[in-house]
Amino acid sequence: MIVSKQIAELKQLLRKERSNAKTIGFVPTMGALHPGHLELMKQAKMENNILVVSIFVNPIQFNNPEDLKKYPRTFETDRQMLENIGCDFLFYPSAEEMYPEPDTSQYDFGALAACMEGEKRPGHFNGVAIVVRKLFEIVEPDKAYFGEKDFQQLAIIQALVRKLNMPVQVVSCPIVRETDGLAMSSRNMRLSKEARQEAPFIYETLKRAITLFPTYSPEALKHWVAGQFENKETFKIDYIEIADTTELQAVHNWEDASGISLFVAVFLDEVRLIDNIRII
Ligand code: AMP
């Protein structure tokens, strides 16, 4: 595996691969890798000749400086994991390399970015769009892989690619969970032992919630989910939403859309965890 910290160097190396008619699969990450990330990479490896992974904790997508400071960084273990799965190129740039000067681009994703993560984390998706655009321009992948755990992010990236006519196919990958159901996340390693034991309650609640469809209305179902978390002292709700799976807009009747999911963001032990489940 070649590790490159320089944009110019990586571009040159990938140009060579492309001139040999190799297809490039790309998985952007912020590191602290876990088996959820590795699933994206395995799929990318299967569907392309070359696998490129980036590790970059993108400062401009953090609306909370404390969250950025505490974001886990485990480069040596990550590098080893990537070697083991046969990653071809690891791009590991510094913030100075990515942002020689501030990028002040503003993207308007309309209603898509105005709800849920976009509403609770102002500027987050603009920061995501800026870095993903830069990464796509550097790597020029044929296909790029994103997890449905960050469902709204996936929709934003699909919108970005459409908006800018970028020649990349965005591939969505299902959520990978721990055996107890907790959605894998780099942030899970920040949970205390006690909180980690409580955490599977999130997915258990989502699974129980969907059994109430269609008896409960979307409003009643949201209320029910809220009640479950409110009964637990350790959880603090950030949002609970039932939204359509394309525009991510709240649905008020089950007939409003053909694809509908339940989304939650909760704080547990001051760690913010998100999850979602398909209803229809
Ligand atoms: P991150 O490093 O958290 O920015 O994640 C990098 C990519 O991995 C994103 O596309 C995430 O959606 C995806 N990802 C993270 N956790 C999971 C998971 N548990 N299952 C599937 N994809 C995931």
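Going by the structure above, here's the rest.
In this text the structure is predicted, and so the values were computed from the model without any measurement.

Asker: Any chance you could explain the pattern of salt bridges here in plain terms?
Answerer: Where charged atoms of side chains with opposite charge meet at close range, the side chains can pair. By the definition in use, this model includes 17 salt bridges. Measuring nitrogen to oxygen at the nearest pair gives 3.5 Å for the salt bridge that ties K42 to E39. Highlighted residues: K42 and E39, both in helix α2 (residues 35–47), separated by three residues, approximately one helical turn. For E39, a relative accessible area of 37% puts it in the partly exposed group. For the salt bridge of E47 with K143, the shortest nitrogen-to-oxygen distance reads 3.5 Å. Remark: K143 occurs in strand β5 (residues 143–147) and E47 occurs in helix α2; sequence separation between them is 96 residues. Looking at E47, the relative accessible area reads 33%, which means it is partly exposed.

Asker: Which parts of the structure should I look at to understand unusual backbone geometry?
Answerer: If a residue is not glycine, its phi is most likely negative; likewise, a peptide bond is most likely trans. Across the junction of F213 and P214, the peptide omega takes the value 0 degrees, indicating a cis bond. Within the secondary structure, P214 sits in the loop between α10 (201–210) and α11 (218–230). In the Ramachandran plot, A21 falls in the positive-phi region, its phi being about 65 degrees despite a non-glycine side chain. Within the element layout of this structure, A21 appears in the loop between α1 (7–19) and β2 (24–29). With a relative accessible area of 63%, A21 lands in the exposed category. Backbone geometry places L248, a non-glycine residue, at a positive phi of 60 degrees. As for its placement among the helices and strands, L248 is situated in the loop between β7 (235–244) and β8 (260–268).

Asker: What is the right way to read the packing of aromatic side chains from this model?
Answerer: To describe a pair of aromatic rings, one takes the distance between the centres and the angle between the planes. In this structure the tally under the stated criterion is 11 aromatic pairs. Where F151 meets F263, the ring centres are 5.6 Å apart and the plane angle is 65 degrees; that geometry is what we call edge-to-face. Here the residue F151 occupies a position in helix α8 (residues 151–163), and F263 occupies one in strand β8, the gap between them amounting to 112 residues. Each of the two residues, F151 as well as F263, counts as buried. Each ring, one from F201 and one from F235, has its centre 5.6 Å from the other, and the planes form 35 degrees; the classification is tilted. Highlighted residues: F201 in helix α10 and F235 in strand β7, separated in sequence by 34 residues. Of the residues examined, F201 reaches a relative accessible area of 11% and is grouped as buried. Ring pairs connect the aromatic residues F26, F136 and F146, which therefore count as one cluster. Taking NZ or CZ as reference, R177 lies 3.5 Å from the ring centre of Y203, over its face.

Asker: What is the right way to look at the site of the ligand in this model?
Answerer: Lining the immediate surroundings of the ligand are 16 residues, of which M30, G147, D150, V176 and M184 lie closest. One nitrogen or oxygen atom from the side chain of H37 is found 3.0 Å from an oxygen atom belonging to the ligand. At a separation of 3.0 Å, an oxygen atom of the ligand approaches a polar backbone atom of G147. Computed on the free molecule, the ligand has an accessible area of 480 Å², of which 93% lies beneath the protein chains in the complex. Of the residues assigned to the shell around the ligand, the class counts are nine nonpolar, five polar and two charged.

Asker: Looking at this structure, how should I read the pairing of β8?
Answerer: Along any regular strand, the residues point their side chains to alternate faces of the sheet. Counting buried residues in β8 gives eight out of nine residues, a clear majority hidden from the surface. The pairing of β7 with β8 spans nine bridges and is antiparallel. Bridge pairing in β8 links I237 to V266. In terms of strand pairing, β8 meets strand β9 (residues 271–278) through eight bridges, oriented antiparallel. Among the inter-strand pairings, S261 is bridged to a residue of β9, identified as R278. Here β8 folds back onto β9, and the loop between the two strands holds two residues, one of which, D269, carries a positive phi near 60 degrees.

Asker: How should the environment of F91 be read in this particular structure?
Answerer: With respect to the helices and strands, the residue F91 is situated in strand β4 (residues 89–91). The class of F91 is buried, set by a relative accessible area of 0%. Put simply, F91 and K5 are 86 residues apart on the chain and 5.8 Å apart in space, counted from C-alpha to C-alpha. In this view, F91 contacts S4, K5, Q6, I7, L10, V53, S54, I55, M98, L135 and I138; residues no more than four positions away in its chain are not counted.

Calculation criteria
Residues numbered from 1 in each chain as written. Predicted model: local features only at pLDDT ≥ 70, side-chain atom pairs only at ≥ 80, totals over all residues. Heavy atoms only, no water. Salt bridge = Lys/Arg side-chain N within 4 Å of Asp/Glu carboxyl O. Helix = DSSP H or I, 4+ residues; strand = E, 2+ residues; numbered from the N terminus. Buried < 20%, exposed > 50% of the residue type's maximum accessible area, 1.4 Å probe, protein only. Phe/Tyr/Trp six-rings, centres within 6.5 Å; stacked < 30°, edge-to-face > 60°. Lys NZ or Arg CZ within 6 Å of the ring centre and 35° of its normal. Near = heavy atom within 4 Å. Polar contact = N/O pair within 3.5 Å; in protein donor to acceptor, adjacent residues only side chain to side chain. Areas by Shrake-Rupley, 256 points an atom, 1.4 Å probe, with all protein chains shown as cover. Nonpolar A, V, L, I, M, F, W, Y, C, P; charged D, E, K, R; others polar. Pairing = 2+ DSSP bridges. Contact = heavy atoms within 4.5 Å.

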